[in-house]
Structures are given as C-alpha cells and as structure tokens.
Amino acid sequence: MSKETITNIKIEKASTSKINEVDFSNLAFGNVFTDHMFVCDYENGAWQEPQITPYQKISLDPSARVFHYGQAVFEGMKAYKDEQDDIWLFRPKENFERINKSAARLAMPEFPEDFFFEGLNTLLKLEKDWIKKGFGNSLYIRPFVIATESGVSASPANKYKFMIICSPAQSYYGGEVRVKIADHYSRAASGGFGFAKAAGNYAGQFYPTSIANKEGFQQIIWTDANTHEYLEEAGTMNIFFRIGDKLITCPISDRILDGVTRKSVIAMAKDLDIDVDIRPIKVTEVIEAANNGSLKEIFGSGTAAVINPIAGFGFKGDTWELPKIENSFASKIKQAIMDIQYNISEDKFGWRVKV
Ligand SMILES: *Cc1c(COP(=O)(O)O)cnc(C)c1O
C-alpha cells in the first residue's frame, strides 16, 4: 500500500481494486461499496487528522455509546458523471449543513466544512471509475457520524467517528408503490428529532412498515402524531399531492425532514409554471379528491429516486387507486432535475457543483 498526503488528508490507497468483481448492470441498492472510505475521529474536544483508507471493518468497544443510545446521524447524496467524464454533485452544501443540524440535535459535535468538502472531493476523485456514465447511474454517498466512546453512561459521548462510504447505484424501477396512511403509529413528534437524519428515526419505522408490507403496501405516509389528520412525509421521502393542477406539500417542521429534493421539486415546479401550495394537507382532503376524481398524482421526493410516483394508497382498511396519466408533473419535474444533475441542461439555479 502506498502512502501519500494531499493537503491535510492522509491517504492510504487500496492495493487492489474490487471494481472488476462488480456487475454494474445488476446492482442492488447499497450493497456494494467502493475501494476507499473517509474517516475522521473526534477526541479531546477536536476533530483529528482526516484520513482516506481502504474500505474496511472498524473495531469498536461493545459498550460504545452508538450501540446503546443510538447517537448516530447520516446523510445521503449522489455524484453523477456526464458524457465528458466530469463528476458533479447536486446541492452538496445542503447535505453538509443538514448533517450538522442533525448532529447538533443529538448533542454531537459539528463537522468542519473544509474537512467535509476536501474529504468528499478527494474520495470521489479516487473512486471516479466507480461512477458510471449514463442517465440514472450514480454513486450514492453516505456520510455518517457515530458515538464511539466506550461506557454505557447515558450521556453524550466525548468520542465520535465521522465517515464517508460510497456505493454505486443504478436507477431502478421498483415496481408500483402503494402507501398506507398511518392511523396509529407515528414517526416523529413535535419537539422530537424527526427533522434530523438520525439512525433511530429509521429503526422506529421498520416495525410499522413491516405490518404495512403484510397488508400489501410498500411504504407508509406518516401523519401528525397528535391527530393523524394531517399528511406529513413518507419516512424516506417527502410527499407531494396533485389535486387538479395544483401541487401541494406540507410545510417542514421539527417532525419533518427538510429534503434537498423537496426544495428542488418546489423550485423546479414553479419554474415549470406549476402552481405549488405549501400548506398543511388533511387526509380527508386527499380522500375527497380521490373520490371526486381531482386527485391526479401522489409522489415522493428523495435523493435515491428523485421522484417516486405512487400508484395507490390505503387508509383505515379502504384503498384508492390513482389514475395513470400522461405527462405527469412527476415525470416532467424528475426529467428537469435529472437533466441538471447529469449536466445535460443549463443550471440556472446553481445547484450543480463540479468535483
Ligand atoms: C433523507 C430523507 C428524505 C429525503 O431527503 P433528500 O434530501 O431529498 O434526499 C425525506 N425524509 C426522510 C425521513 C429522510 O431521511
């Protein structure tokens, strides 16, 4: 293994690459990781020397706080390659700012901006061959922070590990998605940490989602925890409703993840002259619209799929199917955002950032 130093990041290169073992035409999401990872430890009140090392296992004491109290936050972002082999990120500053917002809510130290971007850019340059050209291909990037200090005292740790790992991704069609509107379980409460990309928010969804899966739904649309009357988000995606020709999504709050894709969908829809209403939206309003035929589309927004159209929904035992329409808002907005991500169209919003 060769050692070299680029600015302040210590790089230890993998002696061999796994890339030839990977079938890029048949990737399951998030199962294969690239040859390297970025690691930076926090101790003695400061982030230590950042490093890039071969992708490898890490060793932690069984009493490490992350295992007991779930002090863990993460991000999800993507890198795209254009036809000229240039690599692009999409609004990466949003992800950087959000991981620190998430960290602050879980009493974790914030990560420095220069470490984040230098680490990310250096890692992506090393892994450039893992980013494949072609619409829909990308490299999924997973920055995360965990509490590594040993000892099971229920208090914030004094030691953390910030890491970035990367996984090649394809655009895939996961079949038709039907969602269950939550009427009992909740994902987040007011004053809680639903707005944070915290590991525990996901753990808490797995059981209710497994029940919904058995009932024939792929995902849950979460409602407000107090009344279950208002539609909030889909747990890995923000959610949009098209009633007539109006696109409606609820405002963000401390219960809702402020998605980068959500913001981009809102801005792009406005740019495409689509009316966007950001306001609380009631379950009864959506059911009424489904019954009178004015509910045209429901879709989720998130980094993984950009936009995920929803084919139908269920609530308290009843189900509704959505019409199949041509030229949907979902497809128009998705195309326009992906054209920016892949450096196909002009980026008047300034969203695209070159690596
Ligand atoms: C990550 C995430 C989203 C989508 O956010 P993007 O920034 O658009 O990827 C939506 N809801 C939850 C709960 C999430 O964790």
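All values reported here derive from a predicted model rather than from experimental measurement. (Residues numbered from 1 in each chain as written. Predicted model: local features only at pLDDT ≥ 70, side-chain atom pairs only at ≥ 80, totals over all residues. Heavy atoms only, no water.)

As for the overall build of the protein chain
At step 1: In terms of regular secondary structure, the protein chain is built from 7 helices and 21 strands.
At step 2: Taking 20 Å as the expected radius of gyration for a compact globule of 355 residues, we find that the protein chain reaches 21 Å, a close match to that expectation.
At step 3: Expressed as lengths along the three principal axes of its C-alpha atoms, the size of the protein chain is roughly 65 × 50 × 35 Å.
At step 4: The proportion of buried residues among the 355 residues of the protein chain is 51%.
At step 5: With 41 positive and 46 negative side-chain charges, the protein chain shows a spacing of 1 Å between the two charge centroids. (Helix = DSSP H or I, 4+ residues; strand = E, 2+ residues; numbered from the N terminus. Rg over C-alpha atoms; globule rule 2.2 N^0.38 Å. Buried < 20%, exposed > 50% of the residue type's maximum accessible area, 1.4 Å probe, protein only. Lys, Arg positive; Asp, Glu negative; His and termini not counted. Charge placed at Lys NZ, Arg CZ, Asp CG, Glu CD.)

Some thoughts on the site of the ligand
At step 1: Contacts to the ligand come from 15 residues, most closely from Lys197, Tyr202, Glu233, Thr261 and Thr303.
At step 2: The separation between an oxygen atom of the ligand and a polar side-chain atom of Lys197 is 2.7 Å.
At step 3: Contact between the ligand and Thr303: an oxygen atom at 2.6 Å from a side-chain N or O atom of the residue.
At step 4: Relative to its unbound accessible area of 380 Å², the ligand is 97% covered by the protein chains.
At step 5: When its residues are assigned to classes, the shell around the ligand shows 4 nonpolar, 7 polar and 4 charged. (Near = heavy atom within 4 Å. Polar contact = N/O pair within 3.5 Å; in protein donor to acceptor, adjacent residues only side chain to side chain. Areas by Shrake-Rupley, 256 points an atom, 1.4 Å probe, with all protein chains shown as cover. Nonpolar A, V, L, I, M, F, W, Y, C, P; charged D, E, K, R; others polar.)

As for the side chain of Thr53
At step 1: Along the chain, Thr53 falls in strand β5 (residues 51-54).
At step 2: At 3.3 Å, the side chain of Thr53 and the side chain of Gln56 are in polar contact.
At step 3: For Thr53, the residues in contact, after removing those within four places along its chain, are Glu12, Asp35, His36, Met37 and Val39. (Contact = heavy atoms within 4.5 Å.)

Side note on the environment of Ala104
At step 1: Within the secondary structure layout, Ala104 lies in helix α2 (residues 92-105).
At step 2: Sequence separation between Ala104 and Ile281 is 177 residues; the distance between their C-alpha atoms is 29 Å.

Regarding the packing of helix α5 (residues 260-271) against helix α7 (residues 329-341)
In helix packing, the relevant descriptors are the interaxial angle and the interaxial distance, both defined with respect to the helix axes.
At step 1: Packing of α5 against α7 brings their axes to within 10 Å, and their N-to-C directions diverge by 110°. Between α5 and α7, the crossing angle belongs to the class labelled roughly perpendicular. Contact with α5, carried on its side by Ser264, Val265, Met268 and Ala269, involves Ile333, Ala336, Ile337 and Ile340 of α7 and no other residues of that element.
At step 2: Looking at side-chain class alone, the contact of α5 with α7 contains 7 nonpolar, 1 polar and no charged residues. (Axes fitted to C-alpha atoms, helices over the stretch in contact; angles between N-to-C directions. Parallel < 35°, antiparallel > 145°, perpendicular 65-115°, else oblique.)

Digging into unusual backbone geometry
At step 1: Within the chain, His228 stands out as a residue other than glycine whose phi angle is a positive 55°.
At step 2: Within the element layout of this structure, His228 appears in the loop between β12 (219-223) and β13 (231-233).
At step 3: For His228, a relative accessible area of 15% gives the class buried.
At step 4: If you check the backbone angles, Lys316 has positive phi at about 45° while not being a glycine.
At step 5: Within the secondary structure, Lys316 is located in the loop between β19 (312-315) and β20 (318-321).
At step 6: A residue is classified by how much of its surface remains accessible, and Lys316, at 60% relative accessible area, is exposed.

Quick word on the nonpolar core
At step 1: In terms of nonpolar packing, the biggest core is built from 42 residues, with Phe38, Trp47, Leu124, Ile141 and Phe162 touching the most fellow members.
At step 2: Of all elements in the fold, only β2 (9-12), β3 (36-43), β7 (77-81), β8 (87-90), α2, α3 (113-126), β9 (138-147) and β10 (160-169) reach the threshold of two or more residues within this core.
At step 3: Looking at this core, the element that brings in the most residues is α3, giving 6 residues.
At step 4: When neighbours within four sequence positions are excluded, Leu124 is seen to be in contact with Ala79, Ile87, Leu89, Ile131, Leu139, Ile141, Cys166 and Val355. (Core = buried A, V, L, I, M, F, W, Y, C linked by side-chain atoms within 4.5 Å.)

A short note on the pairing of strand β17 (residues 295-302)
At step 1: The element β17 is largely enclosed, with a buried count of 7 among its 8 residues.
At step 2: Here strand β14 (residues 238-243) runs beside β17; their pairing, made up of 6 bridges, is antiparallel. Each residue of the ladder has a partner; that of Phe241, found in β17, is Ile298.
At step 3: In this structure, β17 lies alongside strand β18 (residues 306-309), joined through 4 bridges in antiparallel fashion. Residue pairing in the sheet places Gly302 in a bridge with Val306 of β18. (Pairing = 2+ DSSP bridges.)

Quick look at the pattern of salt bridges
At step 1: Tallied over the entire structure, the rule returns 23 salt bridges.
At step 2: Look at the salt bridges and you will find they share partners, linking Lys246, Asp275, Asp277, Arg279 and Glu285 into a network. (Salt bridge = Lys/Arg side-chain N within 4 Å of Asp/Glu carboxyl O.)

A look at the UniProt feature "modified residue: N6-(pyridoxal phosphate)lysine" (unreviewed entry) in the protein chain
At step 1: Under the UniProt annotation, "modified residue: N6-(pyridoxal phosphate)lysine" (unreviewed entry) lies at Lys197.
At step 2: With respect to the helices and strands, Lys197 occurs in the loop between β11 (178-181) and α4 (199-214).
At step 3: Under the relative-accessibility criterion, Lys197 is labelled buried at 11%.
At step 4: Residue contacts for Lys197: discarding those within four places in its chain leaves Ala72, Val73, Phe74, Glu75, Gly76, Arg98, Ser102, Tyr202 and Leu257. (UniProt positions renumbered as here; feature names shortened; annotations may be inferred.)

A closer look at the domain arrangement of the protein chain
At step 1: Parsing the protein chain into structural domains produces domain 1 (3-169) and domain 2 (178-341).
At step 2: In this structure, domain 1 and domain 2 have C-alpha centres spaced 28 Å apart.
At step 3: With 20 residues of domain 1 at the interface, the matching set in domain 2 holds 23 residues.
At step 4: When domain 1 packs against domain 2, the two sides together hide about 1,900 Å² of surface, and 63% of this comes from carbon and sulfur.
At step 5: Where domain 1 meets domain 2, there are 1 salt bridge. (Domains from an automatic or database assignment. Buried area = accessible area lost by both parts, 1.4 Å probe.)

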